[in-house]
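Listed here are the chains, written in short residue letters.
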Amino acid sequence: MPRSLFWSRTDIAGAEHAVLDGGPGLVAHGTLLAVDPIPWTCRYQLAAGADGVTSSLDVAVEGAGWSRSVRLERGADGWRVTTAEQGDLDAALRAAGHPPAGLPGSDDPDRLHDALDVDLGGSPLFNALPIRRLGLTGAAPDLPHTVTVAWVLIPSLEVVPTEQVYTPLGPGRVRFSSDTFRADLTVDADGLVLRYPGLAERADAR
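Chemist: Would you explain the pairing of strand E11 (residues 173–178) in this entry?
Modeler: In regular strands, side chains alternate between the two faces of the sheet. Note: strand E10 (residues 159–170) against E11, 5 bridges, orientation antiparallel. Opposite Thr-167, over in E11, you have Arg-175 as the bridge partner. Where E10 folds back on E11, the antiparallel hairpin that results is connected by 2 residues, among which Gly-172 adopts a positive phi of roughly 75°. Adjacent in sequence and paired antiparallel, E11 and strand E12 (residues 181–187) are bridged by 2 residues, among which Asp-179 carries a positive phi angle near 55°.

Here it is, written out as structure tokens:
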């Protein structure tokens with residue numbers, strides 16, 4: 001049965017609404033809204049197979065006078081990354097006193113070859129991909145699992161390979177870390193985030 005999930009951002013003004021189709025794997029579409037570094041709206045479509053491996057991700061982000069999109073599609077020989085852009089995001093960022101974002105996509109998709117998961121900046125939904133793929137809701141506690149993800153930054157839509165570590169802590173809890181960042185996530189029985197300290201809380205988490 002399809003599920004509708006809603007998270008409120010706890011760090012800045014923003015939210016995410018995702019609809020999951022309820023079939024095998026994780027197939028979802030959703031919308032994110034936030035005001036940092038400038039106001040933007042992001043829409044995505046995600047598909048991961050029954051084995052948990054992501055097969056495709058489409059992301060489109062827009063603000064006042066600009067829009068960008070990126071598509072990631074996994075094939076037998078690795079990831080294919082395609083982009084499009086209208087308007088001038090960097091000009092909008094500079095006008096708001098922020099540095100430019102740079103180009104969307106990846107200058108070398110081969111660097112993404114080891115990524116079985118994707119991650120979308122600011123979205124608690126995407127943490128579910130490695131949690132579900134690795135079966136961490138029922139895994140032995142305190143055993144770290146290191147993964148490489150194709151991380152899509154917002155609003156630039158730059159795609160970079162990033163190493164992340166997921167460590168089950170017991171029922172309903174998984175520690176997420178990347179570089180010097182760490183957060184202890186609260187998840188439901190399906191591995192979907194309920195609380196992400198410092199980022200978001202799901203509406204039904206209370």
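The structure having been displayed, the exposition proceeds.
Chemist: I would appreciate a short explanation of the pattern of salt bridges in the present structure.
Modeler: Per the stated rule, a full pass over the model turns up 13 salt bridges. Measuring nitrogen to oxygen at the nearest pair gives 2.8 Å for the salt bridge that ties Arg-9 to Asp-11. The buried category is assigned to Arg-9, whose relative accessible area is 18%. Asp-11 gets classed as partly exposed once you look at its relative accessible area, which sits at 39%. Arg-202 is the partner of Asp-204 in a salt bridge, and the nearest nitrogen-oxygen pair spans 2.7 Å. With relative accessibility at 46%, the residue Asp-204 sits in the partly exposed group. Each of Arg-3, Asp-188, Asp-190, Arg-202 and Asp-204 takes part in one network of salt bridges that share partners.

The rules behind the values
- Residues numbered from 1 in each chain as written.
- Predicted model: local features only at pLDDT ≥ 70, side-chain atom pairs only at ≥ 80, totals over all residues.
- Heavy atoms only, no water.
- Pairing = 2+ DSSP bridges.
- Helix = DSSP H or I, 4+ residues; strand = E, 2+ residues; numbered from the N terminus.
- Salt bridge = Lys/Arg side-chain N within 4 Å of Asp/Glu carboxyl O.
- Buried < 20%, exposed > 50% of the residue type's maximum accessible area, 1.4 Å probe, protein only.

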